[in-house]
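# Architecture and fold: a report
Here's the letter readout for the chains.
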Amino acid sequence: MFLTVLFLIIPVVGTQVLLPELTGPHNVGLRNLELVDYDRVDPFSPFGSPRDLMVTLFYPTADDFSGNIPLAPQFSPAVASYVDDLLSLPTGTAASLTTRARLDAPVADEATGAPTLLFSHGFGFTRGLYSALLQDLASWGWIVVAVDHPYDAGIVEYPDGRIVRARNWSWPLDPPLRGLALDTRVADLLFVLSKLGGGSEMRVKSGLRVQQGAEGGYENDTLWHSFNISRVVVLGHSFGGATAVQTLLNSSAIVAAADLDGFLYGPVVQSGTDKPVLVLGFPEHFATDDPTAAPAWPALLGWKRDFTVVGTVHESYSDYSVFADILGDEGPKAGTIPGTRMVQIMRTYIDVFFRKFLLGVGDDGFLNINSSSFPEVLLRRSGE
């Protein structure tokens, strides 16, 4: 099933410009949350504030949308304006981009105990810039938890209108700052993980605030009973890939990590990990190994695969390619692979990999070869 080649047409409906259609068997819901860690001072806040995170959940939903549940916008208003400026788009373009996920839709009954996937964005990116991929993963049964990392995310917008913009940093970061940023990102993911699947009392005390659909309380919300956090996986792009792999050392619940074109840093490079790691990257470099830092590939001591996708650039592993499909000449340039195809490639390899190591589903050797169904994807390095 995962070898089927599929190309999709992206329609415009009224003032909404829709992301690619979902390819999995499930409809998808989306919920935005603010989660505050009152026990941790944000090391980058000029005000000494607690670490304050925005999180988006993508999850399988019930099929009945008779209540006319709206599709969720890809970006909140301030983030949409930021994306217009970032990509030199006409004003209002990003505000028209709309996911295929229903805002605050009820979770599907069969989603209880569904596998949970944490996601970490690239340095300077935001969680919303990966919506096409993340919504499609949810359509295949994953509960995806995408986290913004304030002060290195390009922008974070909160439900009360507050905005946190990235600090005036540029990549590459000096090693001490890079280390602090990585540690902070890992702590963000572990904090979010610790709050998923718990009781309503713990959620209120920890500062979990629902941006939409809070009526009825947490105890009656079946979404909070759907997370399976005993064994989870982590996905990240760029610096988020480094974050994902580093978490393998920090939590026994995290069983595997996938890195989308991210150099690896931190203690995992020194001490190594025997947990499985999947890498997808563009051809011009080995994604794990920053030439200015210690090589990381030898530190991956367990099952590992490094695939390159011919025709991609670093930004291809976000929604940039999808925007190029939708917006044509006005969209960003992100390699030569169409966005719908790029989403299919990433979703397929990520889904097969995580099912193999989280759920014990065989891959029929798919991750050991160059597949004729994906001629753009080439296996570069492997290890057991």
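Residues numbered from 1 in each chain as written. Predicted model: local features only at pLDDT ≥ 70, side-chain atom pairs only at ≥ 80, totals over all residues. Heavy atoms only, no water.

Here the focus is the packing of aromatic side chains. Applying the stated criterion across every chain yields a total of 17 aromatic pairs. Aromatic pair F44 and W169: ring centres 5.0 Å apart, planes at 80°, arrangement edge-to-face. Here F44, found in the loop between strand 3 (28-41) and strand 4 (50-60), pairs with W169, found in the loop between strand 10 (163-165) and helix 4 (175-195); they are 125 residues apart in sequence, far enough to count as distant. Under the relative-accessibility criterion, W169 is labelled partly exposed at 21%. (Phe/Tyr/Trp six-rings, centres within 6.5 Å; stacked < 30°, edge-to-face > 60°. Helix = DSSP H or I, 4+ residues; strand = E, 2+ residues; numbered from the N terminus. Buried < 20%, exposed > 50% of the residue type's maximum accessible area, 1.4 Å probe, protein only.)

Our focus in this paragraph is the confidence of the model for the protein chain. For the protein chain, per-residue confidence averages 89 on the pLDDT scale, and 88% of positions sit at 70 or higher. Residue range residues 1-10 is modelled with pLDDT below 50. Its contacts to residues more than four positions away, or to other chains, number 29 contacts. Counting interchain partners and residues more than four positions distant, the pLDDT-below-50 stretch residues 199-220 has 50 contacts. (pLDDT = per-residue confidence, 0-100. Contact = heavy atoms within 4.5 Å.)

Moving on to the layout of surface pockets. Estimated volume of the largest pocket: approximately 320 Å³. Forming the boundary of the largest pocket are 23 residues, of which N32, Q74, F75, S76 and R127 lie nearest the centre. For the lining of the largest pocket, the secondary structure elements donating two or more residues are strand 3, strand 4, strand 5 (71-73), strand 6 (97-103) and helix 3 (131-139). Among the elements that line the lining of the largest pocket, the one with the most residues is strand 4, at three residues. Grouping the amino acids of the lining of the largest pocket by side-chain chemistry returns 10 nonpolar, 10 polar and three charged. (1 Å grid on protein atoms, 1.4 Å probe; cavity = no way out; pocket = protein on both sides within 12 Å on 5 of 7 lines; lining within 4 Å. Points joined across faces, edges and corners; volume = space filled by probe spheres on them. Nonpolar A, V, L, I, M, F, W, Y, C, P; charged D, E, K, R; others polar.)

Okay, the pattern of salt bridges next. Applying the stated rule across the entire model yields 18 salt bridges. In this structure, D42 engages R51 in a salt bridge whose closest nitrogen and oxygen atoms are separated by 2.8 Å. The exposure class assigned to D42 is buried, which follows from its relative accessible area of 4%. As a salt-bridge pair, R341 and E376 come within 2.7 Å of each other at their nearest N and O atoms. Here R341, found in helix 9 (residues 339-359), pairs with E376, found in the loop between helix 9 and strand 16 (377-383); they are 35 residues apart in sequence, far enough to count as distant. The pair R341 / E376 is uniform in exposure class, with both members buried. Ionic contacts of the salt-bridge type, sharing partners, join the residues D37, R40, D42, R51 and D188 into one network. (Salt bridge = Lys/Arg side-chain N within 4 Å of Asp/Glu carboxyl O.)

Attention shifts here to the pairing of strand 4. With respect to burial, strand 4 is a largely interior element, 10 of its 11 residues being buried. By the bridge criterion, 11 bridges tie strand 3 to strand 4 in an arrangement that is antiparallel. Bridge pairing in strand 4 links L35 to L53. Where strand 4 lies against strand 8 (residues 143-147), four bridges are found, and the strand directions are antiparallel. Within strand 8, the position partnered with V55 by the bridge is V147. (Pairing = 2+ DSSP bridges.)

This part takes up unusual backbone geometry. In this structure, the amide linkage connecting W171 to the following residue, P172, adopts the cis form with an omega of 10°. You can see P172 is positioned in the loop between strand 10 and helix 4. Unlike most non-glycine residues, D104 shows phi in positive territory, near 60°. Relative to the assigned elements, D104 resides in the loop between strand 6 and strand 7 (114-120).

Most of strand 6 is tucked away, with five of its seven residues classed as buried. Here strand 2 (residues 16-18) runs beside strand 6; their pairing, made up of two bridges, is parallel. Each residue of the ladder has a partner; that of V17, found in strand 6, is L97. Pairing of strand 5 with strand 6 involves two bridges; the strand directions are antiparallel. Bridge assignment links P73 to a residue of strand 6, and that residue is T98.

With 12 residues, helix 6 (residues 239-250) ought to run about 16 Å at 1.5 Å a step, and its terminal C-alpha atoms sit 17 Å apart, in line with that. Buried residues of helix 6: F239, G240, G241, A242, T243, A244, V245, Q246, T247 and L248, and no others. Structurally, helix 6 contributes buried residues whose contacts are with strand 7, helix 4, strand 12 (227-237), strand 13 (254-260), helix 7 (267-271) and strand 14 (277-281). (Expected span 1.5 Å × (residues − 1).)

A few words now on the nonpolar core. Counting 65 residues, the largest nonpolar core has L117, L134, L235, Y349 and F354 as its most contacted members. Per element, the largest residue contribution to this core is 10 residues, and it comes from helix 9. In this structure, Y349 is in contact with L278, L280, F307, F366, L367, S371, F374 and V377, ignoring residues within four places of it in sequence. Core analysis: the second largest hydrophobic core is formed by 56 residues, L53, V55, I69 and A153 among them. (Core = buried A, V, L, I, M, F, W, Y, C linked by side-chain atoms within 4.5 Å.)

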